[in-house]
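Listed here are the chains, written in short residue letters.
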Amino acid sequence: MRSSNPVFSRRGFSRDAGGYAGFDAQHQAQAGTATATNPYATNPYATDLTTGMPQAPARGNAMTIDDVVSRTAMTLGTVILTATLAWIALPVDPANVGKSYGIAVGAALVAFVLAMVQSFKRKASPAVILGYAAFEGVFLGVISAATSTYMGAGVVIQAVLGTMCVFAAVLFAYKMRWIRVNRRFYGFVMAAAMGFILLMLTNLLFSVFAGGDGLGFRSGGLGILFGCIGVILGACFLALDFKQVEDGLTYGAPREEAWLAAFGLTITLVWIYLELLRLFQILSGDD
């Protein structure tokens, strides 16, 4: 399965010749003409969207829902723990705001590098994934502390509750089959995410060289609009993550792939939290 995350690519539940080559070869033989039309055709654990039948038989030592839940709890728990420690140890006030923001930026860069390392690895690396979660937590802790200092803790609480509500709503809609992840859905979401990221990067560059909010995509009315778009995109990527997990559970993904599921869900939830945090900041009057 191709990338299902708005920030960077990560491989899905598939293996090349260095992994489960025989299993994948069997899948390719079974998939037949579906390969040309199915965006999950390279995923040996996915459903054939043409016939509705599994593309390959289940394997032993397969991933279970308990594996996914436990790994996700560990990864998100690491984010929450380090975010809390950063909030306490790096209070944001006029006397140390530069130092705190510098640490936050450094932590974000390290988290990005670790995430990229994992995205190019053949196998899930729990140490790399938990390292990413730890540094991402430091970044979120400083940003949340700054928001609480200047806007009040209510904004942070709203963003946390909003993230939980988005997760629950998308999971419910997915389980009820109100959201159907198919080739068209996948293509639309990926194209929309690429356009969104390019716009945000352009806005960031303008803000760095021209000052202020650059093109104004993150403040005022446009900020509210793009904040809502960001949250909607995050919800769509949650649906893609749920599809990836469902396929892995149904069609026998190896147990270590549960770490990749946790990794993907964590990235998406962080995305949604940051978008909601910025959106509530704007709605509270801090452009």
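Residues numbered from 1 in each chain as written. Predicted model: local features only at pLDDT ≥ 70, side-chain atom pairs only at ≥ 80, totals over all residues. Heavy atoms only, no water.

### Some points on the overall build of the chain
Phase 1 of the analysis: Secondary structure assignment for the chain yields 8 helices and 0 strands.
Phase 2 of the analysis: Each helix (α) and strand (β) of the chain, taken in turn from the N terminus, gives the series α-α-α-α-α-α-α-α.
Phase 3 of the analysis: A buried classification covers 49% of the 287 residues belonging to the chain.
Phase 4 of the analysis: Within the chain, contacts between residues separated by at least 24 positions form 77% of all contacts whose residues are at least 6 apart in sequence. (Helix = DSSP H or I, 4+ residues; strand = E, 2+ residues; numbered from the N terminus. Buried < 20%, exposed > 50% of the residue type's maximum accessible area, 1.4 Å probe, protein only. Contact = heavy atoms within 4.5 Å.)

### Brief notes about the packing of aromatic side chains
For any pair of aromatic rings, geometry is given as the distance between the ring centres together with the angle between the planes.
Phase 1 of the analysis: Per the counting criterion, the structure on display carries 6 aromatic pairs.
Phase 2 of the analysis: Their ring planes at 80° and their centres at 5.5 Å tell us that Phe167 and Phe242 sit as a pair that is edge-to-face. In this pair, Phe167 sits in helix H5 (residues 153-175) while Phe242 sits in helix H7 (residues 220-250), placing the two residues 75 residues apart along the sequence.
Phase 3 of the analysis: The exposure class assigned to Phe242 is buried, which follows from its relative accessible area of 9%.
Phase 4 of the analysis: Centroid distance Phe196 to Phe226: 6.4 Å. Interplanar angle 40°. Geometry classified as tilted. One end of the pair, Phe196, is in helix H6 (residues 183-210); the other, Phe226, is in helix H7, with 30 residues separating them in the sequence.
Phase 5 of the analysis: Pairwise contacts between aromatic rings join Phe167, Tyr174 and Phe242 into one cluster.
Phase 6 of the analysis: Note that Arg177 overlies the ring of Tyr174, its terminal NZ or CZ placed 5.2 Å from the centroid. (Phe/Tyr/Trp six-rings, centres within 6.5 Å; stacked < 30°, edge-to-face > 60°. Lys NZ or Arg CZ within 6 Å of the ring centre and 35° of its normal.)

### Details of unusual backbone geometry
Phase 1 of the analysis: The backbone of Arg177 sits at a positive phi, close to 65°, despite the residue not being glycine.
Phase 2 of the analysis: Using a relative accessible area of 36% as the deciding quantity, one classes Arg177 as partly exposed.

### Remarks on the side chain of Thr147
Phase 1 of the analysis: The topology assignment puts Thr147 in helix H4 (residues 126-151).
Phase 2 of the analysis: Not counting residues within four places of it along the chain, the set of residues in contact with Thr147 comprises Gly152, Val155, Val156, Leu277 and Gln281.

### Thoughts on the pattern of salt bridges
Phase 1 of the analysis: As enumerated under the stated definition, the model contains 4 salt bridges in all.
Phase 2 of the analysis: In this structure, the salt-bridge partner of Asp67 is Arg71, at a minimum N-O distance of 3.5 Å. Here the residue Asp67 and the residue Arg71 both occupy positions in helix H2 (residues 65-89), the gap between them amounting to 4 residues, near one helical turn. In this pair, the class of Asp67 matches that of Arg71, namely buried.
Phase 3 of the analysis: Counted as one network, the salt bridges with shared partners bring together Asp67, Arg71 and Arg255. (Salt bridge = Lys/Arg side-chain N within 4 Å of Asp/Glu carboxyl O.)

### Details of helix H8 (residues 257-283)
Phase 1 of the analysis: Helix length check: H8 (27 residues) gives 39 Å between terminal C-alpha atoms against 39 Å at 1.5 Å per residue, within 8%.
Phase 2 of the analysis: By the criterion of burial, H8 is predominantly enclosed, with 25 of the 27 residues buried. (Expected span 1.5 Å × (residues − 1).)

### With respect to the confidence of the model for the chain
Do not read the predicted coordinates in detail wherever pLDDT is low.
Phase 1 of the analysis: Looking at the chain, the pLDDT average stands at 80 and 75% of residues meet or exceed 70.
Phase 2 of the analysis: Within the model, pLDDT remains below 50 along residues 1-42, and this stretch shows 127 contacts once partners closer than five positions in the same chain are excluded. (pLDDT = per-residue confidence, 0-100.)

### So, the packing of H2 against H8
Phase 1 of the analysis: Contact geometry for H2 and H8: axes closest at 8 Å, N-to-C directions at 45°. Classified by the interaxial angle, the pair formed by H2 and H8 is oblique. Handedness of the H2/H8 crossing: right-handed. Contacts between H2 and H8 involve Asp67, Val68, Arg71, Thr72, Met74, Thr75, Leu76 and Val79 from the former and Ala258, Trp259, Ala261, Ala262, Leu265, Thr266 and Leu269 from the latter.
Phase 2 of the analysis: Of the residues belonging to the contact of H2 with H8, the class tally is 10 nonpolar, 3 polar and 2 charged. (Axes fitted to C-alpha atoms, helices over the stretch in contact; angles between N-to-C directions. Parallel < 35°, antiparallel > 145°, perpendicular 65-115°, else oblique. Left-handed = near helix turned anticlockwise from the far one by under 90°. Nonpolar A, V, L, I, M, F, W, Y, C, P; charged D, E, K, R; others polar.)

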